[in-house]
Amino acid sequence: MPRTLFEKIWDAHTIVDRDDGQTLLAVDWHFCHEGSFHGFNALTEAKLPVRRPERTLGMADHYVPTTSRDLNAIDNPEIRSVVDQFYANTERFGVRMLGIEDKDHGIVHVVGPEQGISQPGLIIVCGDSHTSTHGAMGAMAFGIGASEVAHVFATQTLWQARPKAMRVTVAGALQAGVAAKDVILAIIRQIGAGGALGHAIEYDGSVIRGLSMEGRMTVCNMSIEAGARAGMIAPDKTTFDYLKGRPGAPDPADWPAAEAFWRGLQSDPDATFDTTVRLDGGLLEPMATWGTSPEEGAAVSGRAPDPREIDDADRRAQFQGSLDYMGLNGGVAIADIPIDRAFIGSCTNGRIEDLRAAAAIAKGRQAKVPAIVAPGSMPVKRQAEAEGLDRIFNDAGFEWRESGCSMCVGINGDLAAPGEHVASTSNRNFKGRQGQGARTHLMSPASAAAAALQGRIGDVRDFAPRAL
Amino acid sequence: MRKFTTFTGVAAPMPAQNIDTDKVIPARFLKTIERKGLGKHLFNDMRYNTDGTEKEGFILNQPAYRNAEVLVVGDNFGCGSSREHAPWALSDFGVKCLIGTDFADIFFNNSSKNGMLLIKLPKPIVDALMEDAKLGANARLTIDLEAQEITRPNGEVVKFEVDPFKRHSLLNGLDDIGLTFKNKEDITSYESKDGSSRPWMPSLAAE
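Residues numbered from 1 in each chain as written. Chains lettered and ligands numbered in written order. Predicted model: local features only at pLDDT ≥ 70, side-chain atom pairs only at ≥ 80, totals over all residues. Heavy atoms only, no water.

Side note on the environment of A:A423
Residues and elements named next belong to chain A.
(1) Moving on: Mapped onto the elements, A423 comes out in strand β18 (residues 421-424).
(2) Moving on: On the basis of relative accessible area, A423 is assigned to the buried category, the value being 0%.
(3) Moving on: Separated by 264 residues in the primary sequence, A423 and W159 place their C-alpha atoms 39 Å from one another.
(4) Moving on: Setting aside chain neighbours within four positions, we find A423 in contact with I339, R341, A342, F343, H441, M443, A448 and A451. (Helix = DSSP H or I, 4+ residues; strand = E, 2+ residues; numbered from the N terminus. Buried < 20%, exposed > 50% of the residue type's maximum accessible area, 1.4 Å probe, protein only. Contact = heavy atoms within 4.5 Å.)

Some points on the packing of aromatic side chains
(1) Moving on: If you walk through the whole model with that rule in mind, you get 13 aromatic pairs over all chains.
(2) Moving on: With a centroid separation of 5.9 Å and 15 degrees between ring planes, the pair formed by A:F393 and A:W400 is classed as stacked.
(3) Moving on: Taken together, the ring pairs connect A:F40, A:F93 and A:F153 into an aromatic cluster.
(4) Moving on: Directly above the ring of B:F181 sits B:K184, whose terminal nitrogen or CZ lies 4.5 Å from the centroid. (Phe/Tyr/Trp six-rings, centres within 6.5 Å; stacked < 30°, edge-to-face > 60°. Lys NZ or Arg CZ within 6 Å of the ring centre and 35° of its normal.)

What about the pattern of salt bridges?
All names here are of chain A.
(1) Moving on: Enumeration according to the criterion identifies 43 salt bridges over all chains in this entry.
(2) Moving on: Here R162 and D11 are joined by a salt bridge, their closest N and O atoms 3.4 Å apart. Here the residue R162 occupies a position in the loop between β8 (157-161) and β9 (164-171), and D11 occupies one in helix α1 (residues 5-12), the gap between them amounting to 151 residues.
(3) Moving on: The exposure class assigned to R162 is partly exposed, which follows from its relative accessible area of 39%.
(4) Moving on: The class of D11 is partly exposed, set by a relative accessible area of 32%. (Salt bridge = Lys/Arg side-chain N within 4 Å of Asp/Glu carboxyl O.)

What about helix α2 (residues 37-46) of chain A?
(1) Moving on: For α2(A), every residue scored as buried is listed here: A:F37, A:H38, A:G39, A:F40 and A:L43.
(2) Moving on: On the buried face of α2(A), the contacting elements are β3 (29-32), α3 (77-92) and α5 (146-155) of chain A together with α3 (85-93) of chain B.
(3) Moving on: Residue A:K47 follows α2(A) closely and has a positive phi angle near 55 degrees.

What about the sheet that holds strand β4 (residues 56-59) of chain A?
All names here are of chain A.
(1) Moving on: Read across the open sheet, the 5 strands follow the order β5-β4-β3-β6-β7; overall the sheet is parallel. Sheet topology places β5 (96-98) and β7 (140-143) at the edges, where each strand pairs with a single neighbour. Taken over all neighbouring pairs, the strand axes of this sheet differ in orientation by 20 degrees on average, direction set aside.
(2) Moving on: The sheet contact formed by β3 and β4 spans 3 bridges and is parallel. Each residue of the ladder has a partner; that of H30, found in β4, is T56. (Pairing = 2+ DSSP bridges. Axes fitted to C-alpha atoms, helices over the stretch in contact; angles between N-to-C directions.)

A few points about the packing of α2(A) against α5(A)
Residue and element names in this part refer to chain A.
(1) Moving on: The contact between α2 and α5 brings their axes to 8 Å, and the two run at 50 degrees. Classified by the angle their axes make, α2 and α5 are oblique. Read as a crossing pair, α2 and α5 show a hand that is right-handed. Each of H38, G39, F40, A42 and L43 in α2 lies in contact with α5, whose residues at this interface are A146, S147, V149, A150, F153 and A154. (Parallel < 35°, antiparallel > 145°, perpendicular 65-115°, else oblique. Left-handed = near helix turned anticlockwise from the far one by under 90°.)

Here we look at the nonpolar core
Taken as a class, soluble globular proteins show a tendency for nonpolar side chains to be buried jointly.
(1) Moving on: The biggest cluster of nonpolar side chains holds 174 residues, and the ones touching the most others in it are A:F398, B:F43, B:L60, B:L90 and B:L98.
(2) Moving on: The leading source of residues in this core is helix α6 (residues 180-191) of chain A, at 8 residues.
(3) Moving on: Setting aside residues no more than four positions away along its own chain, B:L98 makes contact with B:L71, B:V73, B:F77, B:L90, B:F103, B:F107, B:M116, B:L117, B:L118 and B:I119.
(4) Moving on: With 23 residues, the next largest nonpolar core counts B:V70, B:I99, B:V158 and B:L171 among its residues. (Core = buried A, V, L, I, M, F, W, Y, C linked by side-chain atoms within 4.5 Å.)

A word on the state of the cysteines
(1) Moving on: What the rule picks out here adds up to 0 disulfides over all chains.
(2) Moving on: In this model A:C347 remains outside any disulfide bridge; the closest cysteine sulfur is found in A:C408, 5.6 Å from its own. (Disulfide = S-S within 2.5 Å.)

Description of the domain arrangement of chain B
(1) Moving on: For chain B, the domain assignment lists domain 1 (6-174) and domain 2 (175-207).
(2) Moving on: Distance between the C-alpha centres of domain 1 of chain B and domain 2 of chain B: 36 Å. (Domains from an automatic or database assignment.)

Next up, the structure:
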């Protein structure tokens, strides 16, 4: 029977199928971060070890500072305690951990692919909803909660109900100035924040095939913002070229066997999907969100909706509530929305290609508002510095930071003030996400740089990207 | 995990769609490593003004709903972050059951692992229960997981479907890890086969 990519990975990891539809799945990689204290505590209570420490990797990314690589820079004692416990727990349970002092430190979803650990065909889990990022490698990767983290620590398995399969095809070719972030924001706008509930998405089509690995990671990263359990892209030459030579990639002797196996990880031509979605990539424009759900986005040439023109009462109330929080009038032109601050980074857009795209806009120009750039990892930071991107950003008035989740989740104290509009390359524009009363506008790295230069969202296509 | 027992409690209506887990418990309250005590921050920014006073309009601040044990919610409740603090906060507040058309996947799994019952029902039925929940002090629903029945304030009974394994675990307060170890041999056998079929998998053992 023809199978989808997702079904092939699922079947290969099935240990037990239970009558009630739950499957016990083998987990290849378990990534954990500072939020894993509950999981470690559960092990301690049950007097259990981490079953497979050699398949577990810890990363201190959520709670750590981006202003320093010294834990003593954490002035909040509660945050410091969470970080300290993570260091102590990983050491006690024999789990390798990349702390902020490590040369390979970074956001877990940047580090996995960067180190060549996240590979095609694997099942990867982490107590973080953006784990779907690793699906760009052709893996089945998904976020789990704290109780499930404890379960994976103890058993290296997880009980899961089989999700439905969705194919999202983005056909055609992107216009200049349109980035991977714009593609995924357009997909979410089309299907809605709950549009992929219960599904694993496979992205395909000429636009997806044409994306770099960094771009594919941006797309898969935000699958959860459409409600999807996972998002993935079948591996191809782009994937193999990206992996080759990375620390965790197969040795040259093993490479041919690995690549042959990976090449089989494609949906069969006549495989059926429960749901199919199609977008014409050529029609996409740079996007920005105007509201408080990732589905509330529009092209920068467009306008926010006017609730008075919406018939459905629930939808009208939702849009009005979002606009009120955002301090915007219905029907406002997206380009005219003021911007008080910009954030470039996160597991969505903190990779080298993202920083290059932002630097190409910022180069030789001047930011009108405070802006920070937090590279997704220390290797990304070193690469950017080797290319001179840090000087471009500094000269343009953008603050150059250390790696970490930073203003995307705001746990470490990197926050915006109440009422401020933030041009952000992160993944969530929820109320209060970047600070109480803060107003987040999601957009691509180039668009965020352009917004910082103008103090309004504007249109990135008004700025010719400069050679770096 | 505590056992789920039949109860009758006040149901509060929360019809908004896409209530995300940042709304359920904002990130700044994730600095505690305790699961208890999060109830006071449940829906913090919807429930309190910045000076700490209560927002009058918020449903759980209204006298009839201060001890709500059931929430009837809009589509895609629990979307966003995988933080299990969301069900911890709901549970600590006293919420035992949520009813909606659909829930975000991770939140759904997290809740059942903390003794909370999430019931999915077709929209017309959720709409009817949402109307029931607007009855203030009379918005009382009886939730019987054993019989898979909700009894409405007017005495009418609504049947619901629930995954039989989740039902069994909730009714008996069973912990997943203990159950999974019953399959230990299957896991070990899978792992030994897997080790030989993919020799290129790196090892991350701590040095």
